[in-house]
Amino acid sequence: MSFLFILISSVVMCVGTIPELQVEDAEGNHVEHPTLDAIETVCIGWFTIEYILRLISSPNKVHFAFSFMNIIDVLAIMPFYVSLSLTYLGNKMMELSNVQQAIQALRIMRIARIFKLARHSSGLQTLTYALKMSFKELGLLLMYLAMGIFVFSAVGYTMEQSHPETLFKSIPQSFWWAIITMTTVGYGDIYPKTTLGKCNAAISFLCGVIAIALPIHPIINNFVKYYDKQRVLETATKHELDLMELHSTEGKGRNEGNAASGLNGMSMSQSDSYIPLLSDAKQHRTRLQSCK
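Quick look at the structure, then. What you see is a predicted model, and the numbers here were worked out from it, not measured in a lab.

Observations regarding the overall build of the protein
Link 1 in the chain: Helix and strand content of the protein: ten helices and two strands.
Link 2 in the chain: Going from the N terminus to the C terminus, the protein shows its helices and strands as α-β-β-α-α-α-α-α-α-α-α-α.
Link 3 in the chain: Expressed as a percentage of its 292 residues, the buried residues of the protein come to 25%.
Link 4 in the chain: Summarising the internal contacts of the protein: among those between residues at least 6 apart in sequence, 63% fall at separations of at least 24.
Link 5 in the chain: In the form shown here, the protein has an accessible surface area of approximately 20200 Å², with 68% of it arising from carbon and sulfur atoms.

Digging into the pattern of salt bridges
Link 1 in the chain: Scanning the entire structure with this criterion turns up two salt bridges.
Link 2 in the chain: In this structure, Asp73 engages Arg54 in a salt bridge whose closest nitrogen and oxygen atoms are separated by 3.2 Å. Placement of the pair is Asp73 in helix H4 (residues 68-93) and Arg54 in helix H2 (residues 34-57), with a sequence separation of 19 residues.
Link 3 in the chain: Accessibility expressed as a relative area gives 2% for Asp73, which makes it buried.
Link 4 in the chain: Judged by its relative accessible area of 22%, Arg54 falls in the partly exposed class.

Looking at the packing of helix H8 (residues 171-182) against helix H9 (residues 195-213)
In helix packing, the relevant descriptors are the interaxial angle and the interaxial distance, both defined with respect to the helix axes.
Link 1 in the chain: Running from N to C, H8 and H9 cross one another at 55°; their axes reach a closest spacing of 8 Å. Taken together, the axis directions place H8 and H9 in an arrangement best described as oblique. Residues Trp177, Thr181 and Met182 of H8 pack against Asn200, Ala201, Ser204, Phe205, Cys207, Gly208, Val209 and Ile212 of H9.
Link 2 in the chain: Here the residues of the contact of H8 with H9 sort into seven nonpolar, four polar and no charged.

Overview of unusual backbone geometry
Link 1 in the chain: Positive phi, close to 60°, is recorded for Thr184, a residue that is not glycine.
Link 2 in the chain: With respect to the secondary-structure elements, Thr184 resides in the loop between H8 and H9.
Link 3 in the chain: Exposure remark for Thr184: the relative accessible area of 45% places this residue in the partly exposed category.

Regarding H8
Link 1 in the chain: In a regular helix each residue adds 1.5 Å, so twelve residues correspond to 16 Å; H8 covers 16 Å between its end C-alpha atoms and thus fits that length.
Link 2 in the chain: Looking at the buried positions of H8, the neighbouring elements they touch are helix H7 (135-160) and H9.
Link 3 in the chain: Residue Thr184 follows H8 closely and has a positive phi angle near 60°.

Side note on a nonpolar patch on the surface
Link 1 in the chain: There is a patch of nonpolar side chains on the surface, built from Leu124, Leu127, Leu131, Ile216, Ile220, Phe223, Val224 and Tyr227 and spanning about 620 Å² of accessible area.
Link 2 in the chain: For the nonpolar patch, the secondary-structure elements that each account for two or more residues are helix H6 (122-132) and helix H10 (216-291).
Link 3 in the chain: Counting residues per element, the nonpolar patch draws most heavily on H10, which supplies five residues.
Link 4 in the chain: Here Tyr227 shows up in helix H10.

Quick word on the nonpolar core
Link 1 in the chain: Core analysis: the largest hydrophobic core is formed by twelve residues, namely Leu141, Leu145, Ile149, Phe152, Phe168, Trp177, Ala178, Ile180, Met182, Ile190, Ala201 and Ala211.
Link 2 in the chain: Elements with a contribution of two residues or more to this core: H7, H8 and H9.
Link 3 in the chain: Excluding anything up to four places from it in sequence, Phe152 contacts Trp177, Met182, Asn200, Ile203, Ser204 and Cys207.
Link 4 in the chain: Within the second largest apolar cluster, ten residues are counted, among which are Phe5, Cys43, Ile77 and Phe80.

Quick word on the packing of aromatic side chains
Link 1 in the chain: By the definition in use, this model includes eight aromatic pairs.
Link 2 in the chain: Aromatic side chains Tyr129 and Tyr226 sit 4.0 Å apart centroid to centroid with 25° between the ring planes, which places their arrangement in the stacked category. In this pair, Tyr129 is assigned in helix H6 and Tyr226 in helix H10, connecting sequence segments 97 residues apart.
Link 3 in the chain: Taking 6.1 Å as the distance between ring centres and 5° as the angle between the ring planes, the aromatic pair formed by Phe223 and Tyr227 counts as stacked. Residue Phe223 and its partner Tyr227 are both found in helix H10; the two are separated by four residues, about one turn of the helix.
Link 4 in the chain: Overall, the relative accessible area of 31% leaves Phe223 in the partly exposed class.

Considering the side chain of Thr48
Link 1 in the chain: Turning to its location among the elements, Thr48 is positioned in helix H2.
Link 2 in the chain: At 2.7 Å, the side chain of Thr48 forms a polar contact with the side chain of Tyr81.
Link 3 in the chain: Residue contacts for Thr48: discarding those within four places in its chain leaves Ile77 and Tyr81.

What to know about helix H1 (residues 2-15)
Link 1 in the chain: Look at H1: 20 Å from first C-alpha to last across 14 residues, which is about the 20 Å you get at 1.5 Å a residue.
Link 2 in the chain: Where H1 is buried, its residues contact H2.

Observations regarding the environment of Lys193
Link 1 in the chain: With respect to the helices, strands and loops of the structure, Lys193 is situated in the loop between H8 and H9.
Link 2 in the chain: The sequence separation of Lys193 and Met159 amounts to 34 residues, and the corresponding C-alpha distance is 9.5 Å.
Link 3 in the chain: Sequence-distant contacts of Lys193, that is, excluding residues within four places in its chain, are made with Glu160, His163, Glu165, Leu167 and Lys198.
Link 4 in the chain: A distance of 3.0 Å separates the side chain of Lys193 from the backbone oxygen of Glu165, its partner in a polar contact.

Criteria and thresholds
Residues numbered from 1 in each chain as written. Predicted model: local features only at pLDDT ≥ 70, side-chain atom pairs only at ≥ 80, totals over all residues. Heavy atoms only, no water. Helix = DSSP H or I, 4+ residues; strand = E, 2+ residues; numbered from the N terminus. Buried < 20%, exposed > 50% of the residue type's maximum accessible area, 1.4 Å probe, protein only. Contact = heavy atoms within 4.5 Å. Areas by Shrake-Rupley, 256 points an atom, 1.4 Å probe, with all protein chains shown as cover. Salt bridge = Lys/Arg side-chain N within 4 Å of Asp/Glu carboxyl O. Axes fitted to C-alpha atoms, helices over the stretch in contact; angles between N-to-C directions. Parallel < 35°, antiparallel > 145°, perpendicular 65-115°, else oblique. Nonpolar A, V, L, I, M, F, W, Y, C, P; charged D, E, K, R; others polar. Expected span 1.5 Å × (residues − 1). Patch = residues over 30% accessible without salt bridge, like charges linked within 9 Å, V, L, I, M, F, W, Y side chains within 5 Å. Core = buried A, V, L, I, M, F, W, Y, C linked by side-chain atoms within 4.5 Å. Phe/Tyr/Trp six-rings, centres within 6.5 Å; stacked < 30°, edge-to-face > 60°. Polar contact = N/O pair within 3.5 Å; in protein donor to acceptor, adjacent residues only side chain to side chain.

Have a look at this one:
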């Protein structure tokens with residue numbers, strides 16, 4: 001159920017930014033449609049009730065409050081109540097334009113609720129664990145990229161200074177070119193124009209591909225390892241539930257069988273005790289007739 005509310009609230013957040021679906025308020029500003037606001041309120045109400053119930057049932061309140069996923073839950077809920085307070089009380093404390101800017105800034109924080117999906121998705125949990133176990137490889141990747149960005153941006157700036165229409169105005173500005181080149185993005189807003197600059201760009205491109213590809217294998221291994229472990233645990237849990245259900249069914253069958261055998265035993269004992277009495281009575285009558 002929470003998974004459905006997360007998806008609905010995320011869709012509402014995106015749809016509410018479409019200009020055709022917005023309405024104008026009394027001041028002529030474009031705001032979200034009242035229907036979308038109502039859906040948003042219902043979703044926030046569900047998230048609030050869920051968080052409060054989980055907080056009440058938690059044995060360790062401090063650990064619960066400072067847990068990462070619970071902090072995400074608070075960040076997903078808090079902007080709604082803060083913006084609501086600013087809407088009704090902020091007009092008395094600050095100017096209307098400042099209130100609207102604060103509300104817009106808080107609305108951006110609503111994207112935090114998409115991280116709530118990690119609580120309900122085993123795939124996202126597996127990916128998070130793989131990245132967590134691959135901090136060393138990710139650190140090496142960032143270090144390689146940082147060194148390459150610094151070196152190739154400085155070389156590119158030096159080689160492009162001979163061109164009269166150079167786009168490399170400074171080394172810090174060349175960082176942007178080195179980033180988009182080494183990560184194979186290439187927006188095309190800044191590019192070398194000299195022959196040596198183009199050779200430098202080709203080398204930086206190849207080095208970027210190699211630097212990004214190197215730590216991929218350990219990350220994939222960590223992902224596959226944890227994913228297989230997760231599947232084994234899920235399969236074992238499913239088998240355990242099936243065995244518990246089977247044992248409960250067999251227990252009911254045994255109880256019914258014992259009850260039925262008890263009833264049959266009682267009836268058989270009654271019939272066995274009654275038949276000899278009949279036979280004794282017949283023998284007694286036969287003896288009396290023989291005496292007569």
